[in-house]
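Residues per chain, in single letters:
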Amino acid sequence: MSRRSKFTVHLPSALAAFAVSLSVAAAHAEDESPARTLFKEGRALASAGKYAEACPKFEASLQLELGIGTQFNLADCWEHIGRTASAQKLFLGAAASAKAAGQLDREQVLRERAAALEPRISKLVIEVNDNSPRLTVKRDELPLDQEQWGKAVAVDAGKYEITAKAPGKQPWHRTVEVKAGAPVVSVEVPALEAAEPERAKPEAEPKPAKLPVPSGPAHDRGSHPTNYRAITLGGFGVIALAAGTVMGLGYKSYNDKAKDICPLNINCSQQQISDHDRYVEDARTDRAWMFVGLGVGTLSVAGAAALYLLDKPKSESAASVRAIPAIGRNEVGASVVGRF
């Protein structure tokens, strides 16, 4: 107890020495890597009091290179812009890194900074009154474990979208605002109402009867009989290309979701890790089916074009066709070009 009191008396000077040591170490680093450059830019902005501009610099630097100094400065920056819950979590993460590195003085300073934030941190309680076995509750896009239901969870000040979904039930959502300095904010998820049964679709009106086709020559001079084999194969190819495109969009969607989960890779929860692995697996599956669909569709369209061309009279003008798969950064699919 006496040791803690003695340390608390000299805490301001210890904090100042700690911050200065971090700044000097970064300023004299020989390796001018992109992470170091971003760190220096963040320090300059923070020194000028421009914390809203400094925080993104520290975040980008931390994504490139994990360092205790960068964690400290980012946590300090978040504290200045009101993200106290995130700042406390990062201070504790930096303290764990300092302990692993044997830097006990820095660990103590970081834990003191985290403890000092406790009275200013707001907490959100989500009470769930629905017992559906497959109920999913989210805070914004973050799924919440059942262990978190009914418990006060530290959050930054701001607005949060709370949603609840279950098979056979109507979805529920509510926006809750957590104001800075509010100790505890509660929101209650009610028992979800049963989904309304789908209404039967009205019967289609009868189609008018087709007029009989007069007998005799079916085609004028120069006309060409319908090539049903080419049409069937081409239709199958178009369906396969469409399926491949849908799978490609699914691959991109799952891949983006995996990247958005815990982007800083710091103190990720087990649920976030599980969600990341599941999205990666789904992305791989959709990517495999994307290539199957595009490959089969391309070959089918090309085969249909070949059947069509081989069955045309030689007197007709030459024709060419190409099916080109298209796979880009933000789009997937295929295009068919040609001359008939």
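See above for the structure.
Residues numbered from 1 in each chain as written. Predicted model: local features only at pLDDT ≥ 70, side-chain atom pairs only at ≥ 80, totals over all residues. Heavy atoms only, no water.

Enumeration according to the criterion identifies 12 salt bridges in this entry. Here Lys-252 ties to Asp-256 by a salt bridge, and the two come within 2.9 Å at their closest N and O atoms. Here Lys-252 and its partner Asp-256 are both found in helix H8 (residues 228-260), 4 residues apart, which amounts to about one turn of the helix. The network of salt bridges with shared partners includes Asp-76, Glu-79, Arg-113 and Arg-120. (Salt bridge = Lys/Arg side-chain N within 4 Å of Asp/Glu carboxyl O. Helix = DSSP H or I, 4+ residues; strand = E, 2+ residues; numbered from the N terminus.)

The backbone of Asp-140 shows a phi angle near 60°, a positive value even though the residue is not glycine. Tracing the chain through its elements places Asp-140 in the loop between strand S2 (136-139) and strand S3 (142-143). Using a relative accessible area of 33% as the deciding quantity, one classes Asp-140 as partly exposed. (Buried < 20%, exposed > 50% of the residue type's maximum accessible area, 1.4 Å probe, protein only.)

A separate point is the packing of aromatic side chains. Describing an aromatic ring pair means giving the distance of the ring centres and the angle of the ring planes. If you walk through the whole model with that rule in mind, you get 2 aromatic pairs. Across the ring face of Trp-78, the terminal group of Arg-83 is positioned such that the distance to the ring centre comes to 4.4 Å. (Phe/Tyr/Trp six-rings, centres within 6.5 Å; stacked < 30°, edge-to-face > 60°. Lys NZ or Arg CZ within 6 Å of the ring centre and 35° of its normal.)

Counting residues in hydrophobic clusters, the biggest one holds 25 residues, and the most contacted among them are Ala-54, Phe-58, Leu-74, Trp-78, Leu-90, Phe-91 and Leu-110. Counting residues per element, the ones that place at least two in this core are helix H3 (34-47), helix H4 (51-64), helix H5 (68-80), helix H6 (84-100) and helix H7 (104-117). Here this core gets 7 residues from one element, more than from any other, and that element is H6. Counting residues in hydrophobic clusters, the runner-up holds 20 residues, among them Leu-124, Val-137, Val-155 and Ile-162. (Core = buried A, V, L, I, M, F, W, Y, C linked by side-chain atoms within 4.5 Å.)

Turning our eyes to something else, we now look at H3. What sets the pattern is the α-helix's 3.6 residues per turn: residues three or four places apart point alike. An ideal rise of 1.5 Å per residue puts 20 Å on 14 residues; H3 measures up with 20 Å between its terminal C-alpha atoms. Following H3 by one or two positions, Gly-49 adopts a phi angle in the positive range, close to 80°. (Expected span 1.5 Å × (residues − 1).)

Attention now goes to the sheet that holds strand S6 (residues 172-178). With antiparallel pairing, 4 strands are arranged side by side in an open sheet as S3-S2-S5-S6. Each edge of the open sheet carries a strand with a single partner, namely S3 and S6. Here S2 pairs with S3 via 2 bridges, running antiparallel. Along S3, the bridge assignment pairs Lys-138 with Pro-143. (Pairing = 2+ DSSP bridges.)

The next subject is the packing of H5 against H7. Where H5 contacts H7, the axes come no closer than 12 Å and their chain directions differ by 20°. Our classification of the angle between H5 and H7 gives roughly parallel. As for the relative orientation of H5 and H7, their crossing is left-handed in sense. On H7, the residues touching Ile-68, Phe-72, Asp-76 and Glu-79 of H5 are Leu-110, Arg-113 and Leu-117. (Axes fitted to C-alpha atoms, helices over the stretch in contact; angles between N-to-C directions. Parallel < 35°, antiparallel > 145°, perpendicular 65-115°, else oblique. Left-handed = near helix turned anticlockwise from the far one by under 90°. Contact = heavy atoms within 4.5 Å.)

Moving on to H6. Compared with an ideal rise of 1.5 Å per residue, which puts 17 residues at 24 Å, H6 spans 24 Å between its outermost C-alpha atoms and is within 8% of the ideal. Along H6, the residues classified as buried are Thr-84, Ala-85, Ser-86, Ala-87, Gln-88, Leu-90, Phe-91, Gly-93, Ala-94, Ala-95 and Ala-98. At its buried positions, H6 is contacted by H5, H7 and strand S4 (152-155). Where H6 ends, the next residue or the one after it, Gly-102, has phi of about 75°, a positive value.

A few words now on the side chain of Thr-70. Relative to the assigned elements, Thr-70 resides in helix H5. Assessed through its relative accessible area of 9%, Thr-70 is described here as buried. Those residues in contact with Thr-70 that lie beyond four places of it in its chain are Phe-39, Phe-58, Ser-61 and Leu-62.

The tally for this structure, following the rule as stated, stands at 1 disulfide. What pairs with Cys-55 in a disulfide is Cys-77, and their sulfur atoms sit 2.1 Å apart. Where Cys-55 bonds to Cys-77 through sulfur, the torsion about that S-S bond is close to -110°, and the disulfide is left-handed. Residue Cys-55 is found in helix H4, and its partner Cys-77 is found in helix H5; the two are separated by 22 residues along the sequence. This pair shows no difference in class: Cys-55 is buried, exactly as Cys-77 is. (Disulfide = S-S within 2.5 Å.)

The buried fraction of strand S1 (residues 122-128) amounts to 5 of the 7 residues, a majority that puts the element mostly inside the structure. In this sheet, S4 lies alongside S1 in antiparallel orientation, the contact comprising 4 bridges. The residue of S4 that forms the bridge with Val-125 is Ala-152. For S1 and strand S7 (residues 184-189), the ladder comprises 6 bridges, and the chain directions are parallel. Bridged to Glu-127 within S7 is Glu-188.

Right, let's talk about the environment of Asp-311 for a bit. With respect to the helices and strands, the residue Asp-311 is situated in helix H9 (residues 270-311). The partly exposed category is assigned to Asp-311, whose relative accessible area is 36%.

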